[in-house]
Structure formats: C-alpha cells, structure tokens
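Residue-level listing of the chains:
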There are 2 protein chains.
Amino acid sequence: MRMLINVPESVVSDALRGVAAAHPDLTVDVENRVVVRRDAPVADKVGLVSGGGSGHEPLHGGFVGLGMLDAACPGEVFTSPVPDQMARAAAAVDSGNGVLFVVKNYTGDVLNFDMAAELAEDEGIRIAKVLVNDDVAVTDSLYTAGRRGTGATLFVEKLAGAVAQEGAPLERVEAVARQVNESSRSFGVALSACTTPAKGGPTFDLPPGELELGIGIHGEPGRERRPMMTSAEIADFAVHAVLDDLNPTAPVLALVNGMGATPLLELYGFAAEVHRVLRERRVPVARTLVGNYVTSLDMAGCSVTLCQADEDLLRLWDAPVRTPALRWGI
Amino acid sequence: MRMLINVPESVVSDALRGVAAAHPDLTVDVENRVVVRRDAPVADKVGLVSGGGSGHEPLHGGFVGLGMLDAACPGEVFTSPVPDQMARAAAAVDSGNGVLFVVKNYTGDVLNFDMAAELAEDEGIRIAKVLVNDDVAVTDSLYTAGRRGTGATLFVEKLAGAVAQEGAPLERVEAVARQVNESSRSFGVALSACTTPAKGGPTFDLPPGELELGIGIHGEPGRERRPMMTSAEIADFAVHAVLDDLNPTAPVLALVNGMGATPLLELYGFAAEVHRVLRERRVPVARTLVGNYVTSLDMAGCSVTLCQADEDLLRLWDAPVRTPALRWGI
C-alpha cells in the first residue's frame, strides 16, 4: 500500500476538508458531502448538479464554479452518492429556474438521481436530467445497462454550464446537455489496475506487459486484452473506435485524458498520435485538452473523448469558466 | 513496463509534437526542443526562460505563456538541456530588454545555463540568472551542490513572470525572482520510485510499505526511510521541516504538489492536513494550489512548498496568467 491517506474510511471526508481549505470560492458541506459554488443560488440561472463515486477527481468537485457546475455530490470511492445528497445540492442551487442533473450511466447513479429528482420535485424544484453514455467500448458492463458514461461528462458539464451561465432556460440547458452527449464518444485503455483505499491492492488483475482496451473508469472489463502496444498503436485503436461510432461531420473537441498515474510527458506524446490519426481520417480538431480530468485513482492509462462541435458549442467551450480544475477567461 | 510511449528515444520529441498540436498559443521547435510563446518577443518586455530535464511536467513547458515564461527548453528525461537550446530560446524571446534565466540548482543545469548566458551575451542579449534552491531536505545531493531546486520554481516563474508582464526592467524582474526563491522552502516525500523510459523499471528501490522523507524530484535520496506513515504524519513532518527553515512572518502561498501518480483525491486529503499543521503553527495561508505541477514521472508521493508573500507578491500571484497548466484572469 503506497497511499497518501489517514484511514480508508475517511478518504472522502479528508479530501473534502482539503477542497474547503484550498478553494474559498466553494462552500463544502463535509458532513453531508456536497460541494457548492459559494454564490449559489445564482439569481435567474438554471442550476447544474452532478455527482458520482469518488476516485475520478477532478470530476466532479473540481468542475464546480462559474460557467460549469453549481454543485457536486461525491459518493464513497466508486460508489454512488445517495439521493439525499443530490436533493440537498438541488435545493442549495435552485434559484427558481430549475436544476439539471448530469448523470453518468451507472445503475446506482441512475437510480439515486431518479429518487433525488422526486425528492426535489416534492419541494417544488423543477428538475431535468441528462444521462451521459459516451463510452463505445462495450454495451452493458459491470455496473451499467447500456453504454458507460466517461469523458463526455466533462464536455456536458462545461457546455451546458456555459449556456446556463448565459441565463438560458432549463429546456435549453437540457437540450444542450443532450446534444453534447449525443455528439460525444469515448474509448479508454488501462496499462495498470487501480488501487482503492478500502481494498489496499489492485482492484483487478492486469499482468505487467499487458493492457486492456476499452477499460471502464472503475476497471470494468473492456473489449480485449493484448500484449503491450505502442502509443501510436493505442491511438489508432482508440480513435478509430470512437470515429467509427461518431462519424463526425464538424470539427471536434478532443479530450486526451489520463487515468491518473500516466505522466503528462506520456499523455502529450499520446496527444500527438491522436492528432495524427484524426488527420489521417480528415477530422479537423477545433480544441484539445490534455490532462488528468476523468480519472480512475492511480490507474495508468488514457482515454480519448471526441465531441463534434458546431459553432455554438465552440463558443460555449471558449466561454469563461472558473473552477478548481478548468479555468479560463476570468 | 506500463508506459504510454512509442520508443524511449522519442519520448521527448513525441511529447513536444503533442504540445504543438494541443496549444496553438505556443510555437514548438521540436527538432531544437524549444517551446516559445507564439507572440514572442513581446515588445518592451523582459523575457523569461527556464528549462531542465524532462519528466517534471507540466514544469517547464506547461508554464509558457502570458504572465509566466516566454520559453522553455526541455532536456532528455532527467537530463539537462544543452546551452544551444537555452541560447536559442533567449534569442527568440529577447525584445531588447534582456532575459532572465530561471535555473533549478542541479549541476548540469547550472553549468549549461552559464554557458548559454555567455553565448547569448556574445549575441548582445543582456542576461540575468536566478538559481532556485528551495528544498530543505538535504544539502548536497546526487546531482547538486547545495540545496536542490523543486517546487519554488513554480512560484519564481509565476511571480517573476507577472512582474515582467507588467513591463518591469530586468533588474526588477531578477530581484523579484530572487526574493521569491529566498522566501520559499520545499520538502518532498516518495511513496514509490519512478520509472524512466530508458530504464523501463524503477530508478531506485523503495519497498512497498516504506516511504522516503526528503526525496528529490529525480529520486535522489532524502533524509530517511520509514515504514509507511499516515497523511497527517507526513504533513507534520514535511510542514515542520519547511517552517523550521523558513520562519515566515507573513502569510504564505502553499503549493501542495503531487509527484505524478498520487490521485488528486489523496492530494486534497493531504492539503487538509497541511492546512491543519499551518493552523497549529499559526501561519496564515493566503493562497493554496493543489495538483501535479512539479512531478517526477510516475512517482507516488507529494511535496509541500511554502512561499512567504508580501502584498506585492500576492498581487503578482493573482495577476492574469495564460499557460497550459496555470491559467486565470484571462
């Protein structure tokens, strides 16, 4: 065990205390596990709430702030937050204009956000929901019916967050979120397993010298295992898998994402290969984001998410954002 | 080997191709290994140039842009760049107002920046240099006479970069850089070794269940090895080591830095403990930055850097910056 923790039981609470200490722009309810923009509810603005199991940081807490999420609810590591958290978050951010729940497609998250929506609606809050299910690797998985939600969550939260910040009504914010999800696809690759605090060891068995193509962000099985491949070969496999499903007709936003333990030096080399494949497939790239954004604790590996972006989505991408993990223009 | 690379020989060039693809604000000379602000030389502005071995990303290439560095020169992994690179960078960014070299205190970097300064001065470029030597762990180390340069490099590059962006003359930019270095101290801890592409395996031996207190960013030996400690105990040790040397009399900027493979979830928990120790020692914290900024490839672990900041340095910290890894206000 080589973890920087106190005890496994307090990992999430400890992290939330750190978020509170480091980010005075956020209000952190450590006990109830809700991270909220300090200025919430923002008058005349639709609220955006997301959440999910911890272990994918900076998703979601690192995306709370102006131009992105109004609140995030972290669950235990790789475990859905509970409906009470989500309903509490909705109440904290609703200005009367309604709240959009951004839900990654995992069975626990889906059920709990459904229950939270009922709780919030009982309190008179209008709720819309968008399901993120961008991972083309497999249909149905360990915790999912249908496709898993992964890297596109960042695009949904940024772009829907930007249109909400502009003052769009709930129906429009929901429509943008849905458009972004439908315009996005992802594919991930593991070069190592990840270690959960509770288990203290690898969560699955991936022998050195092998990789898993199509991995999920909790280490759920992908399409196949192979002997180690080069960065160029991995980019070929991942980008073709995404493009064959997406067939973009407009320039794309590209997220070249690290799973947590892969050095930035390697991720940038991989970004070069992703761009090469996109050039070969004649897909123009409008913007590229490289880094560890939708992670799986200390897993080594990477994922590629592409989002087909019209002029309106590009404008929303460039709009100001001020969160711990994504910040520009302000 | 679980690396996302093509061949070890091309790791740095591959990464530079990725930086070029992802960041249109930067001009990347892949062959000569120089990363430059696209708008360089900026009229009437002192140029800031840094560089060092690769493997510490986002340092330094991720800090090139408005309000921070004008250029960076990456060497091979854990190997100093050569004088030609540095002189080329100086020529690319000099507007006639001179250039400051920010040099981490490693013997190779120091010698090569000295030679580069001579080369640049021969071309009529005024050069000033500041040596960063903030690591309190040990005096003299594997590649260093005196103290090593680590996390304070980020503060030097940000704060001197901000005053340069304001149009300050070379003497003032150099003075700020020197003040920041003298006001900063760091201490690092390894929970695992790191793996260089050339070696393909751990660069030193750190058995599971042990940690190394006072590690260098290339895995150079620190003060001592101990059985695994909690996050709270590590924060106690690291922050006390820094404060006993720094004795701050003003609020501090705090960098809670990951070595590369430690999940953000754990780093934020560690940030909470760092804040606790600072509270106990009655040291006010003005700003906190949490993340992987001065890394050591895939090493698990963390470091703490504190910089005593007067009002002027705080203003420079908050000034706009627009680089791949640090960006706000613009």
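Residues numbered from 1 in each chain as written. Chains lettered and ligands numbered in written order. Predicted model: local features only at pLDDT ≥ 70, side-chain atom pairs only at ≥ 80, totals over all residues. Heavy atoms only, no water.

K.L.:
Is there a simple way to think about the domain arrangement of chain A in this case?
P.N.:
It is common to report an interface's size as the accessible area lost on association of the parts. Residue and element names in this part refer to chain A. Partitioning chain A into structural domains gives domain 1 (8–183 + 320–328) and domain 2 (184–317). Between the C-alpha centres of domain 1 and domain 2 the distance comes to 22 Å. Taken together, the contact between domain 1 and domain 2 spans 43 residues of the former and 41 residues of the latter. Taken over both partners, the interface formed by domain 1 and domain 2 buries close to 3,400 Å², and the fraction arising from carbon and sulfur atoms is 63%. (Domains from an automatic or database assignment. Contact = heavy atoms within 4.5 Å. Buried area = accessible area lost by both parts, 1.4 Å probe.)

K.L.:
What is the right way to read the relation of the copies chain B and chain A from this model?
P.N.:
Think of it as a corkscrew move, a rotation about one axis and a shift along it, taking one chain copy to the other. Rotating chain B by 180° and moving it 0.0 Å along the rotation axis overlays it on chain A with an RMSD of 0.0 Å. What we have between these two chains is a two-fold relation. Rotation axis and chain B: the residue whose C-alpha lies nearest the axis is Ala261 of chain B, separated from it by 2.0 Å. Of the residues that chain B buries at the interface, 100% are likewise interface residues in chain A, meaning the two copies contact each other through the same surface. (Least-squares fit on C-alpha atoms with pLDDT ≥ 70 in both.)

K.L.:
Whenever I open this one, the UniProt feature "domain: DhaK" (unreviewed entry) in chain A confuses me. Can you help?
P.N.:
Mapped onto the present numbering, the UniProt feature "domain: DhaK" (unreviewed entry) falls at residues 7–328 of chain A. With 33% helix and 24% strand, residues 7–328 of chain A has its two end C-alpha atoms placed 36 Å apart. (UniProt positions renumbered as here; feature names shortened; annotations may be inferred. Helix = DSSP H or I, 4+ residues; strand = E, 2+ residues; numbered from the N terminus.)

K.L.:
What should I look at first to understand the pattern of salt bridges in this one?
P.N.:
A side chain with one charge can pair with a side chain of the opposite charge if their charged atoms come near. All names here are of chain A. For the structure on display, the rule yields 46 salt bridges over all chains. Salt-bridge contacts for Arg147 lead to Asp245; the nearest nitrogen and oxygen are separated by 2.7 Å. One end of the pair, Arg147, is in the loop between β6 (127–132) and α4 (152–165); the other, Asp245, is in helix α6 (residues 231–246), with 98 residues separating them in the sequence. Here Arg147 falls in the partly exposed class, since its relative accessible area comes to 22%. A residue is classified by how much of its surface remains accessible, and Asp245, at 29% relative accessible area, is partly exposed. (Salt bridge = Lys/Arg side-chain N within 4 Å of Asp/Glu carboxyl O. Buried < 20%, exposed > 50% of the residue type's maximum accessible area, 1.4 Å probe, protein only.)

K.L.:
Is there a simple way to think about the interface of chain B and chain A in this case?
P.N.:
Residue-level contacts link 55 residues of chain B with 55 residues of chain A. Carbon and sulfur atoms supply 64% of the area that chain B and chain A bury against each other, a total of about 4,400 Å² over both sides. A per-residue breakdown of the area chain B buries against chain A is headed by Arg2, Leu4 and Leu265 of chain B, which together make up 20% of the total. Where chain B meets chain A, there are two salt bridges.

K.L.:
What is the right way to look at the layout of surface pockets in this model?
P.N.:
To find leftover empty space, a probe the size of one water molecule is rolled over the atoms. In this structure, the second largest pocket encloses a volume near 950 Å³. For the second largest pocket, the lining is made up of 44 residues, of which Arg2, Ser192 and Asp298 of chain A together with Arg2 and Ser192 of chain B are closest to its centre. Partitioned by chemical class, the residues of the lining of the second largest pocket number 25 nonpolar, ten polar and nine charged. (1 Å grid on protein atoms, 1.4 Å probe; cavity = no way out; pocket = protein on both sides within 12 Å on 5 of 7 lines; lining within 4 Å. Points joined across faces, edges and corners; volume = space filled by probe spheres on them. Nonpolar A, V, L, I, M, F, W, Y, C, P; charged D, E, K, R; others polar.)

K.L.:
What should I look at first to understand the sheet that holds strand β8 (residues 210–213) of chain A in this one?
P.N.:
One key point about sheets: their strands pair by backbone hydrogen bonds, in either a parallel or an antiparallel sense. Residues and elements named next belong to chain A. Pairing in this open sheet of six strands is mixed, and the strands run β9-β8-β7-β12-β10-β11 from one edge to the other. Sheet topology places β9 (224–227) and β11 (285–291) at the edges, where each strand pairs with a single neighbour. On average, each strand axis in the sheet is tilted by 15° relative to the strand beside it, whichever way the strands run. Pairing of strand β10 (residues 252–258) with β11 involves six bridges; the strand directions are parallel. In the sheet register, Val252 faces β11, and the bridge partner there is Val285. Across the sheet, helix α5 (residues 170–182) lies against β7 (184–190) and β12 (301–308), angled at about 50° from β7, the strand it touches most. Against the sheet, helix α7 (residues 264–280) contacts β10, β11 and β12, and its axis sits at roughly 160° relative to β11. (Pairing = 2+ DSSP bridges. Axes fitted to C-alpha atoms, helices over the stretch in contact; angles between N-to-C directions.)

K.L.:
Explain the environment of Gly75 of chain A to me, please; I cannot follow it from the model alone.
P.N.:
All names here are of chain A. With respect to the helices and strands, Gly75 occurs in strand β4 (residues 71–77). Expressed as a C-alpha distance, the spacing of Gly75 and Pro41, which sit 34 residues apart in the sequence, is 22 Å. If we ignore the near neighbours within four places in the chain, the residues touching Gly75 are Val12, Arg33, Gly52, Gly53, Ser54, Ser80 and Pro81.

K.L.:
Please clarify how the packing of helix α1 (residues 11–22) of chain A against helix α7 (residues 264–280) of chain B should be interpreted in this entry.
P.N.:
Each packed pair of helices is defined by two parameters, the angle between the axes and the distance between the axes. Close contact between α1 of chain A and α7 of chain B brings their axes to 7 Å; oriented N to C, the two are set at 65°. Relative to α7 of chain B, α1 of chain A is oriented so that their crossing is left-handed. On α7 of chain B, the residues touching Val11, Asp14, Ala15, Arg17, Gly18, Val19, Ala21 and Ala22 of chain A of α1 of chain A are Leu265, Tyr268, Gly269, Ala271, Ala272, Glu273 and His275 of chain B. Tallied by class, residues from the contact of α1 of chain A with α7 of chain B come to nine nonpolar, three polar and three charged. (Left-handed = near helix turned anticlockwise from the far one by under 90°.)

K.L.:
Looking at this model, I keep getting lost on the sheet that holds strand β3 (residues 47–54) of chain A. Mind explaining?
P.N.:
Residues and elements named next belong to chain A. With respect to topology, six strands assemble into an open sheet ordered β1-β2-β4-β3-β5-β6, the strand pairing being mixed. Only two strands of the sheet have a single neighbouring strand rather than two, namely β1 (26–29) and β6. The average undirected angle you get between the axes of adjacent strands in this sheet is 20°. Inspection of the sheet shows strand β5 (residues 99–104) paired to β6 by six bridges, in the parallel sense. The partner of Phe101 across the bridge, within β6, is Lys129.

K.L.:
Would you mind going over helix α3 (residues 107–122) of chain A with me for this structure?
P.N.:
An α-helical turn contains 3.6 residues, so a residue and the one three or four places further along point in the same direction. Residue and element names in this part refer to chain A. Here α3 spans 23 Å end to end across 16 residues, near enough to the 22 Å set by a 1.5 Å rise per residue. Restricting attention to buried positions, one finds in α3 the residues Asp109, Asn112, Phe113, Ala116, Ala117 and Ala120. The buried residues of α3 all sit within an arc of 150° when viewed along its axis, so they share a single face. For α3, the exposed residues lying more than 90 degrees away from the buried face are Leu111, Glu118 and Asp122. Summarising the contacts, the buried residues of α3 are in contact with β3, α2 (83–93), β5 and β6. Backbone geometry just downstream of α3 places Gly124 in the positive-phi region, at approximately 90°. (Expected span 1.5 Å × (residues − 1). Arc of directions from axis to C-beta.)

K.L.:
It is not clear to me how a negative patch on the surface should be interpreted in this structure. Could you clarify?
P.N.:
Residue and element names in this part refer to chain A. Taken together, the side chains of Glu118, Glu121, Asp122 and Glu123 define an acidic patch exposed on the protein surface. Counting through the fold element by element, Glu123 comes out in the loop between α3 and β6. You can call Glu123 exposed: its relative accessible area is 65%. (Patch = residues over 30% accessible without salt bridge, like charges linked within 9 Å, V, L, I, M, F, W, Y side chains within 5 Å. Areas by Shrake-Rupley, 256 points an atom, 1.4 Å probe, with all protein chains shown as cover. Lys, Arg positive; Asp, Glu negative; His and termini not counted. Charge placed at Lys NZ, Arg CZ, Asp CG, Glu CD.)

K.L.:
Mind showing me how you'd approach the packing of helix α2 (residues 83–93) of chain B against helix α3 (residues 107–122) of chain B here?
P.N.:
Residues and elements named next belong to chain B. Where α2 contacts α3, the axes come no closer than 8 Å and their chain directions differ by 50°. One finds that α2 runs oblique with respect to α3. Relative to α3, the crossing made by α2 is right-handed. From α2, Pro83, Asp84, Met86, Ala87 and Ala90 reach across to α3, where they touch Asp109, Asn112, Phe113, Met115, Ala116, Leu119 and Ala120. (Parallel < 35°, antiparallel > 145°, perpendicular 65-115°, else oblique.)

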